[in-house]
Amino acid sequence: MARIIVITSGKGGVGKTTTSAAFAMGLAERGFKTVVIDFDVGLRNLDLIMGCERRVVYDFVNVIQGEANVGQALIKDKRNPNLFILPASQTRDKDALTLEGVGRVLEKLAEEFEFIVCDSPAGIERGATMAMYFADDAIVVTNPEVSSVRDSDRMIGILSSKSRRAEQNQEGIREYLLVSRYSPERVQRGEMLSLEDVQDILSLDLIGVIPESQAILNASNAGIPVILDRESSAGQAYADVVARYLGEDLPHRFLTVEKKGLFGRLFGG
């Protein structure tokens with residue numbers, strides 16, 4: 001049976017789509033047949049970050065409305081045969097997503113895939129609530145700033161009360177915290193919340209801390225999930241996230257200010 005994972009947040013611009021692309025690619029790299037779905041109807045950014053925007057013919061809404069089947073809409077990733085993308089529509093309204101339609105598509109995908117990763121829009125609009133409703137696991141992405149953490153706290157309440165699992169009185173959604181754009185230097189200067197502050201407020205299992213990194217922007221612009229940039233701190237941090245999700249016990253990295261060597265101190269490098 002496929003495991004459905006929603007990548008969600010209360011606030012936009014925190015790195016959900018970057019996380020969805022990296023996480024799905026990481027699962028595929030581990031040998032799991034994985035599909036990642038863009039629930040952000042009307043915007044559609046996942047296909048850009050995955051580098052497959054020119055290959056979109058049919059989308060998620062086409063499948064829900066019976067205008068195409070799942071096989072016609074799925075895009076096979078060029079880099080990994082285990083990974084497929086189901087893009088969102090840029091031209092439809094979010095009301096095109098129906099509970100029955102989304103449920104049918106997920107049921108069909110579950111016959112073929114081991115993991116279904118849902119890239120949710122921010123907040124509590126229709127696409128977000130649809131993505132959360134069917135989830136088995138949730139990765140709540142937040143930046144270390146007050147407004148982002150506060151909005152994420154609201155999402156946690158919705159996850160625990162408005163999911164299919166909650167309605168059917170099943171075991172609750174497994175919830176994980178992912179802190180993105182973390183800068184130990186800025187924490188030290190008091191410009192952002194510390195990791196301890198974020199954890200105190202949200203009280204979720206910490207699955208990863210993604211450092212601020214130019215590599216994320218570079219990867220997005222190139223249409224490559226950043227987890228494939230194995231030299232970058234962000235790529236390594238996302239690889240750690242996937243490993244922890246799969247049950248490996250790894251220490252968290254990139255949490256402290258990097259000490260400069262003598263050359264760096266002398267020349268500011």
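Look a little higher up for the structure.
It should be emphasised that the depicted structure is a prediction, and the values quoted were computed from it without experimental measurement. (Residues numbered from 1 in each chain as written. Predicted model: local features only at pLDDT ≥ 70, side-chain atom pairs only at ≥ 80, totals over all residues. Heavy atoms only, no water.)

Moving on, we get to the sheet that holds strand β8 (residues 205-211). The strand order across the open sheet formed by eight strands is β3-β4-β2-β5-β1-β6-β7-β8, and the pairing between neighbours is mixed. Edge strands, defined here as strands with exactly one partner in the open sheet, are β3 (75-76) and β8. Here strand β1 (residues 3-8) runs beside strand β5 (residues 115-119); their pairing, made up of five bridges, is parallel. Of the residues in β5, the one forming a bridge with R3 is F115. Against the sheet, helix α12 (residues 233-245) touches β1, β5, β6 (137-142), β7 (174-182) and β8, its axis set at about 165° to β8. (Pairing = 2+ DSSP bridges. Helix = DSSP H or I, 4+ residues; strand = E, 2+ residues; numbered from the N terminus. Contact = heavy atoms within 4.5 Å. Axes fitted to C-alpha atoms, helices over the stretch in contact; angles between N-to-C directions.)

What follows deals with the pattern of salt bridges. Here the structure, examined in full by the defined rule, presents 16 salt bridges. Among the salt bridges present, the one from R44 reaches D47, with a minimum N-O distance of 3.3 Å. The two residues R44 and D47 agree in class, both being buried. A salt bridge links E111 to K108; its shortest N-O distance comes to 3.7 Å. (Salt bridge = Lys/Arg side-chain N within 4 Å of Asp/Glu carboxyl O. Buried < 20%, exposed > 50% of the residue type's maximum accessible area, 1.4 Å probe, protein only.)

Core analysis: the biggest nonpolar cluster contains 53 residues, and I37, F39, F60, L97, V102, L109 and I116 have the highest contact counts within it. Every residue in contact with I116, bar those within four places of it in the chain, is listed here: A2, R3, I4, I5, V35, I37, L106, L109 and A110. The next biggest cluster of nonpolar side chains, apart from the first, holds 38 residues, and it includes V56, I139, A215 and I227. (Core = buried A, V, L, I, M, F, W, Y, C linked by side-chain atoms within 4.5 Å.)

Among the secondary structure elements, D47 is positioned in helix α2 (residues 46-49). Judged by its relative accessible area of 2%, D47 is buried. Sequence-distant contacts of D47, that is, excluding residues within four places in its chain, are made with C52, E53 and V56.

Overall, the coordinates contain seven aromatic pairs when judged by the stated rule. An angle of 80° between the planes, with centres 5.2 Å apart, marks the rings of F32 and F115 as edge-to-face. With F32 in the loop between α1 (16-29) and β2 (34-38) and F115 in strand β5, this residue pair connects regions lying 83 residues apart in the sequence. Judged by relative accessible area, which is 9%, F115 ranks as buried. On the basis of an interplanar angle of 70° and a centroid distance of 6.0 Å, the ring pair of Y176 and Y245 is categorised as edge-to-face. Of this pair, Y176 sits in strand β7 while Y245 sits in helix α12, placing them 69 residues apart in sequence. Owing to a relative accessible area of 14%, Y176 belongs among the buried residues under this scheme. Classification of Y245 by relative accessible area gives buried; the value is 8%. By way of ring pairs, the aromatic residues F23, F32, F115, Y176 and Y245 are connected into one cluster. Its guanidinium or amino end placed over the ring of F113, K33 lies 5.3 Å from that ring's centre, counting from NZ or CZ. (Phe/Tyr/Trp six-rings, centres within 6.5 Å; stacked < 30°, edge-to-face > 60°. Lys NZ or Arg CZ within 6 Å of the ring centre and 35° of its normal.)

Any functional reading would require information that these geometric values do not contain.
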